[in-house]
Amino acid sequence: MEKHDELNESEVYVEDDDFNLTNFLTILWQSRGVILAGTALVAILGTSSALFLGKYQSEGFLQFGGAIPEKKIEKDGKEVKEQAPGIALADYKRFSSPLNTSERFNEFVRQNNIENDPTVIALSQTFAARGGIAKVIEPIFPFTKLDAKELMSSTKDADNNVIAVSINYAAKTPESAQQAVSLLGRYTVDTIVYMIYTDILRFKNSEISAAITKLDNKIIENKEKIDSYQRKGVRLKQIVTRYPDAASQASRQLVSITEDTARYLSPLSQLMTSEVEITEANEAIYKAKREQKQYMILAEYYDRAKALAESTKSGEAILRGLEPIKKTVFSGKDMEDETIKEVYNKISVDNSSAISLYLEKTRFIAGPSLPKNRTTRTSVALLGSLLAGLSISILFVLGRRWWQNNRQQLQG
């Protein structure tokens with residue numbers, strides 16, 4: 001009986017270059033126990049590994065609350081042409097350069113004293129990885145090229161503003177993933193605010209100093225005009241005294257010319273004009289001194305703000321620190337003086353609108369979500385593991401049979 005089985009088995013392995021499906025299926029059937037056991041083992045190991053290594057992905061949509069940076073106001077009080085909401089693409093690229101670096105993230109972490117937070121440790125590893133954080137924080141545009149094609153219209157520069165960022169992060173637990181997305185939202189806003197205000201405060205003092213110097217020149221120029229008008233007035237008074245009838249006669253200063261006549265101002269009229277011009281020059285000097293006084297207060301304020309910016313790496317800390325600086329600057333000043341009060345009100349409005357824009361209106365309008373399912377589904381992991389186990393088991397059986405039939409030939 002044993003010889004008969006050996007004969008059947010040897011018949012299965014008839015050397016033939018052509019593939020024989022019957023022989024192949026016979027081999028698999030004879031080794032069905034090994035194949036089933038191997039498939040089950042690999043399926044269990046694969047599914048367990050997928051569930052153990054599987055992560056939960058949280059998503060968040062952080063929207064910018066308006067035009068960033070804030071729109072500037074001209075000196076005459078009129079607003080510059082209203083900017084489109086969001087961040088211009090050129091500015092976003094400038095902000096994203098430090099945003100995607102581990103150095104900037106480490107500064108943010110140290111500033112908030114959260115170095116030992118497990119979520120922070122995991123994020124630090126993501127920043128240090130080759131891909132970095134660029135794929136985690138992605139810009140969102142209001143109007144894409146596909147939209148333009150569908151709507152048959154061309155996009156404008158404003159349509160390419162970054163109106164929001166999409167933040168997606170996967171972690172071992174749902175809570176960790178949600179916390180990471182929330183932290184990255186804070187980090188994004190903090191970095192943008194830090195970049196904007198360090199730029200503003202770095203150059204504000206020099207701009208104010210230049211403005212004060214220009215006002216000095218304006219005051220000097222108007223004083224020279226007053227001296228010139230006064231000298232002219234003295235001469236005109238002498239002329240009027242010397243020629244009492246000059247007030248009713250034609251004089252030397254030309255007013256207009258026609259084909260028939262030429263009109264002139266009398267010396268008395270010129271004297272009155274000089275007095276008016278002196279008044280206008282004095283008014284210009286008064287306005288320049290008033291504006292200069294305001295710039296002096298602003299110089300003190302921005303000097304303290306610059307010192308704050310140099311002492312911290314947190315944009316939110318700078319933004320929230322501006323109001324205490326304002327109170328310190330104006331603590332010893334006469335708030336009944338309208339010149340001083342105007343500067344105080346302007347700074348108050350600027351600070352209030354900045355906090356509203358960056359810390360209140362810029363917010364998550366979706367998420368951070370608390371994921372319920374892993375990124376890898378159990379059914380998909382099980383099916384994949386079964387297929388992998390079946391393939392590995394079949395290859396093992398075929399390899400073992402081939403070795404048994406060719407061992408003597410290989411050893412010889």
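Owing to the predicted nature of the structure, the values given are computational and were not obtained by experimental measurement. (Residues numbered from 1 in each chain as written. Predicted model: local features only at pLDDT ≥ 70, side-chain atom pairs only at ≥ 80, totals over all residues. Heavy atoms only, no water.)

Student: An account of the overall build of the protein chain is needed here, citing residue identities and associated values.
Tutor: Within the protein chain, the secondary structure is distributed over twelve helices and eight strands. In the protein chain, which comprises 412 residues, the share counted as buried stands at 33%. Considering only contacts within the protein chain whose residues lie at least 6 apart along the sequence, 75% involve residues at least 24 apart. (Helix = DSSP H or I, 4+ residues; strand = E, 2+ residues; numbered from the N terminus. Buried < 20%, exposed > 50% of the residue type's maximum accessible area, 1.4 Å probe, protein only. Contact = heavy atoms within 4.5 Å.)

Student: So what about the nonpolar core? Which residues, and what values?
Tutor: With 67 residues, the main nonpolar core has I68, I137, L184, Y197 and Y358 as its most contacted residues. Breaking this core down by element, the ones donating at least two residues are helix 4 (89-99), helix 5 (102-112), helix 6 (118-128), strand 5 (164-171), helix 8 (174-242), helix 9 (267-311), helix 10 (315-330) and helix 11 (338-361). In terms of residue count, helix 8 provides more of this core than any other element does, 21 residues in total. In contact with Y358, not counting residues within four places along its chain, are I68, P69, E70, V189, V193, I196, Y197 and L319. (Core = buried A, V, L, I, M, F, W, Y, C linked by side-chain atoms within 4.5 Å.)

Student: Pulling in residues and values, what's your account of the sheet that holds strand 5?
Tutor: Pairing within the open sheet is antiparallel, and its four strands lie in the order 4-5-1-8. Of all the strands in the sheet, the pair left with one neighbour each is strand 4 (137-140) and strand 8 (363-366). Ignoring strand direction, the axes of neighbouring strands in this sheet form an average angle of 35 degrees. (Pairing = 2+ DSSP bridges. Axes fitted to C-alpha atoms, helices over the stretch in contact; angles between N-to-C directions.)

Student: Break down the pairing of strand 5 for me, with residues and values.
Tutor: For strand 5, a buried count of six out of eight residues is recorded, marking the element as mostly surrounded by other parts of the structure. Sheet topology note: the strand 4/strand 5 ladder contains four bridges and is antiparallel. By the bridge assignment for strand 5, I140 is matched with A164.

Student: Tell me what's going on with the confidence of the model for the protein chain, and back it up with residues and numbers.
Tutor: Taken residue by residue, the protein chain gives an average pLDDT of 80. The fraction at 70 or more is 78%. Confidence, read as mean pLDDT per element, is least for helix 1 (residues 2-12) in the protein chain (44) and greatest for helix 10 (93). In this model residues 1-17 is a low-confidence stretch, pLDDT under 50, and it forms six contacts with partners more than four residues away in sequence or in other chains. (pLDDT = per-residue confidence, 0-100.)

Student: Lay out the packing of helix 10 against helix 11 with the relevant residues and their values.
Tutor: With their axes 10 Å apart at the nearest point, helix 10 and helix 11 run at an angle of 165 degrees to one another. One way to sum up the angle between helix 10 and helix 11 is to call them roughly antiparallel. The handedness of the crossing between helix 10 and helix 11 is left-handed. Residues E316, L319, R320, L322, E323, K326 and F330 of helix 10 form the contact with helix 11, whose participating residues are I340, V343, Y344, I347, S348, N351, A354, I355, Y358 and L359. For the contact of helix 10 with helix 11, the residue count by class is eleven nonpolar, two polar and four charged. (Parallel < 35°, antiparallel > 145°, perpendicular 65-115°, else oblique. Left-handed = near helix turned anticlockwise from the far one by under 90°. Nonpolar A, V, L, I, M, F, W, Y, C, P; charged D, E, K, R; others polar.)

Student: Describe the packing of aromatic side chains, and please don't skip the residues or the numbers.
Tutor: This structure, assessed with the given rule, holds seven aromatic pairs. Aromatic side chains F108 and Y187 sit 5.5 Å apart centroid to centroid with 65 degrees between the ring planes, which places their arrangement in the edge-to-face category. You can see F108 sitting in helix 5 and its partner Y187 sitting in helix 8, a full 79 residues away along the chain. The residues F108 and Y187 share a single accessibility class, namely buried. Put simply, the rings of F105, F108, F127 and Y187 touch in pairs and so form one group of aromatic residues. Lying across the ring of Y194, R104 places its NZ or CZ 4.7 Å from the centre. (Phe/Tyr/Trp six-rings, centres within 6.5 Å; stacked < 30°, edge-to-face > 60°. Lys NZ or Arg CZ within 6 Å of the ring centre and 35° of its normal.)

Student: Give me the lowdown on unusual backbone geometry, citing residues and values where you can.
Tutor: At the junction of I68 and P69, the peptide bond is cis and its omega measures out at -5 degrees in the coordinates. Tracing the chain through its elements places P69 in the loop between strand 2 (67-68) and strand 3 (86-87). With omega at 0 degrees, the peptide bond leading from G367 into P368 counts as cis. Relative to the elements of secondary structure, P368 occurs in the loop between strand 8 and helix 12 (378-411). With phi around 55 degrees, N113 is a residue other than glycine that occupies positive phi space. Structurally, the position occupied by N113 is in the loop between helix 5 and helix 6. By relative accessible area, N113 is classed as exposed at 63%.

Student: So what's going on with the environment of D334? Which residues, and what values?
Tutor: For D334, the location among the structural elements is in the loop between helix 10 and helix 11. Residue classification places D334 among the partly exposed positions, given a relative accessible area of 46%. A polar atom in the side chain of D334 sits 3.1 Å from the backbone nitrogen of E336. (Polar contact = N/O pair within 3.5 Å; in protein donor to acceptor, adjacent residues only side chain to side chain.)

Student: Account for the pattern of salt bridges, with residues named and values stated.
Tutor: Evaluated as defined, the whole model comprises 13 salt bridges. Note that R94 and D91 form a salt bridge whose closest N and O atoms lie 3.5 Å from each other. One end of the pair is R94 and the other is D91, both in helix 4 and three residues apart, which spans about a single turn. Note that K346 and D350 form a salt bridge whose closest N and O atoms lie 3.2 Å from each other. Taken together, the residues K346 and D350, both in helix 11 and four residues apart, mark about one turn of the helix. With relative accessibility at 30%, the residue D350 sits in the partly exposed group. Taken together, the shared-partner salt bridges in this structure form one network comprising D91, R94, D199 and R202. (Salt bridge = Lys/Arg side-chain N within 4 Å of Asp/Glu carboxyl O.)

Student: Give me helix 11: which residues, what numbers.
Tutor: With 24 residues, helix 11 ought to run about 34 Å at 1.5 Å a step, and its terminal C-alpha atoms sit 32 Å apart, in line with that. Taken residue by residue, helix 11 has T339, I340, V343, I347, N351, A354, S356, L357 and Y358 as its buried positions. Capping the start of helix 11 is the job of one residue whose side-chain oxygen sits 3.0 Å from the backbone nitrogen of T339: D337. (Expected span 1.5 Å × (residues − 1).)

Student: Go over the packing of helix 8 against helix 10, please, and point to the residues and values.
Tutor: Where helix 8 meets helix 10, the axes come as close as 7 Å, and the angle between the chain directions of the two elements is 55 degrees. Considering the angle they form, helix 8 stands oblique to helix 10. For the pair formed by helix 8 and helix 10, the contact residues are D190, V193, Y194, Y197, T198 and L201 on the first element and G315, E316, I318, L319 and L322 on the second. For the contact of helix 8 with helix 10, the per-class residue count stands at seven nonpolar, two polar and two charged.

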